[in-house]
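Each chain is listed here by its residues.
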Amino acid sequence: MKITTCLIMEIIYNLSIYQKVIGVVFLVFVLIQLYFYLVFYLRVIRKKFNDLPENDEQYPPLSVVICARNEEENLKHFLPKVLEQDYPDYEVVVVNDCSSDNSDLVLESLQKKYPRLRVTTIKEDEKFTHTKKLALTVGIKAAKNEWLVLTDADCFPKSNKWLRYMASNFTNGTEVVLGYGGYLAERGLLNKLVRLDTLFIALNYFGWALARRPYMGVGRNLAYKKSLFFKNKGFANHVGIDSGDDDLFVMEVATPSNTAVEYRPEAHTLSVPRKTYSTWLRQKRRHLSTAKFYSSNLKTRLGLEPLSRILVYILFALTLIFKILPLISTALLLLVIIVKHTIAAIAAKKFEEKKLMHIAFWWDLFSLYFYAKLLIFNTLNRRQQKW
């Protein structure tokens, strides 16, 4: 052991300055990658949840708010799953937002079968255009209860206990609950990429929330108090921005002490994923369009993981090209890959995201290109993406 250590020290001593710099920088970014996974993402798979309350009186009344624009088919197929939840006291408020299809007829038919369904309609005005934020505000104002659970018209709960699991986090001091909005598992590579992307995004925002630094949630599965919404003056601080009704709002109101996370499989919502790469790209551009409104500190925090990831690969290649302790650099890269994919595999099992990990390494590489492309597109084209 002593001889091996001395030999390594002698090799390091004989390296040139630029070789030493490359080696040290490579090690730094390896440690940054391990830091993200072991300090933040590991928290997600280690999280322990309390059992559901057995007494119905422990579940507060709540209002599910859904905005729908030309969602006739989705309302027909998915809304009954929301209306048939096993929950003692709740209402479902659907905002029919300027729909030109038969959404009104579908909702009218469902109201006859489900008394808990309430509908608010926004009529189209040629002189006045609005975004989803106005529709959400209308729905929240119409809601009767203090606790609000938000989802989208193209989403449905994975189980009939969805609301119970979300509401199990409505404890003293909690005002925001971040849920998981996944996508249906279907055939094809694109479906796996969409689901992997969703899983890693969830690992990120859940991990930061568990580290008491919440910064975002997804509107497909999100809960907060009505009083918190009005205390923050709703979306007033970013009303002119089309997107951001979930991440920008959560960034404003979530604190280390008032935010809980809920990602047990029974609490998931599912959506139908995009069928083509181009439509997925447009969806991701819209989601990413709010990033420029994040604080500099937050953008630095969030950008450090992908930046360190790409630099690990680049610097590893340089260590091989310039013969800078190639065995050690290979061992370090393998360590990063093993740690990352072990945590990701456990998370995928915990989230019941199946048959993904065989392409996880390739997603790790492809996502660097994909998100760079998105950032370039959004920078060159400032036109806001509609909801």
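Quick caveat, the model's predicted, so the values are computed rather than measured. (Residues numbered from 1 in each chain as written. Predicted model: local features only at pLDDT ≥ 70, side-chain atom pairs only at ≥ 80, totals over all residues. Heavy atoms only, no water.)

(A) Examining the sheet that holds strand β4 (residues 147-152) more closely. As summarised here, the arrangement of the 7 strands in space is β3-β2-β1-β4-β8-β6-β9, forming an open sheet in which the pairing is mixed. Two strands bound the open sheet, and with one partner strand each, they are β3 (117-122) and β9 (259-262). Sheet twist, expressed as the average angle between the axes of neighbouring strands with direction ignored, equals 20 degrees. Where strand β1 (residues 62-68) and β4 come together, 6 bridges link them in parallel fashion. Each bridged residue has a counterpart across the sheet, and for valine 65 the counterpart in β4 is leucine 150. (Pairing = 2+ DSSP bridges. Helix = DSSP H or I, 4+ residues; strand = E, 2+ residues; numbered from the N terminus. Axes fitted to C-alpha atoms, helices over the stretch in contact; angles between N-to-C directions.)

(B) Quick peek at empty space enclosed by the protein. Scanning the entire structure with this criterion turns up 4 cavities of 30 Å³ or more. In this model, the second largest cavity occupies a volume close to 50 Å³. In this structure, the second largest cavity is lined by Val65, Ile66, Cys67, Lys132, Leu136, Leu150, Thr151, Asp152, Gly219 and Asp245. Mapped by element, the contributors of at least two residues to the lining of the second largest cavity are β1, α5 (132-142) and β4. Taken together, the residues that form the lining of the second largest cavity break down as 5 nonpolar, 2 polar and 3 charged. (1 Å grid on protein atoms, 1.4 Å probe; cavity = no way out; pocket = protein on both sides within 12 Å on 5 of 7 lines; lining within 4 Å. Points joined across faces, edges and corners; volume = space filled by probe spheres on them. Nonpolar A, V, L, I, M, F, W, Y, C, P; charged D, E, K, R; others polar.)

(C) Spotlight on the pairing of strand β2 (residues 90-97). A large share of β2 lies buried, amounting to 8 of its 8 residues. Here β2 shows two buried faces, one formed by Tyr90, Val92, Val94 and Asn96 and the other by Glu91, Val93, Val95 and Asp97. Bridging between β1 and β2 involves 7 bridges; their strand directions are parallel. Within β2, the residue paired with cysteine 67 across the bridge is valine 95. Handedness of the crossover joining β1 and β2 through helix α3 (residues 72-83) is recorded here as right-handed. Direction of pairing for β2 relative to β3: parallel, over a ladder of 6 bridges. Residue valine 94 lies in a different strand from β3, and its bridge partner there is valine 119. (Buried < 20%, exposed > 50% of the residue type's maximum accessible area, 1.4 Å probe, protein only. Right-handed = clockwise from strand over helix to strand, strands pointing away.)

(D) Structural context of the nonpolar core. By size, the foremost hydrophobic cluster in this structure holds 81 residues, and its most contacted members are Leu178, Tyr205, Phe206, Tyr224, Tyr263 and Phe351. Setting aside residues no more than four positions away along its own chain, tyrosine 263 makes contact with Arg43, Val44, Lys47, Phe49, Tyr180, Phe206, Leu210, His268, Lys350 and Phe351. (Core = buried A, V, L, I, M, F, W, Y, C linked by side-chain atoms within 4.5 Å. Contact = heavy atoms within 4.5 Å.)

(E) Spotlight on the pairing of strand β8 (residues 222-225). Sheet analysis places β4 next to β8, joined by 4 bridges and oriented antiparallel. Counterpart to valine 149 in the pairing with β8 is alanine 223.

(F) Highlighting the packing of helix α7 (residues 189-210) against helix α13 (residues 360-380). Between α7 and α13, the shortest axis-to-axis distance is 11 Å and the interhelical angle comes to 85 degrees. One finds that α7 runs roughly perpendicular with respect to α13. Side by side, α7 and α13 meet where Leu193, Leu196, Asp197, Phe200 and Ile201 of the first sit next to Ala360, Trp363, Phe366 and Tyr371 of the second. (Parallel < 35°, antiparallel > 145°, perpendicular 65-115°, else oblique.)

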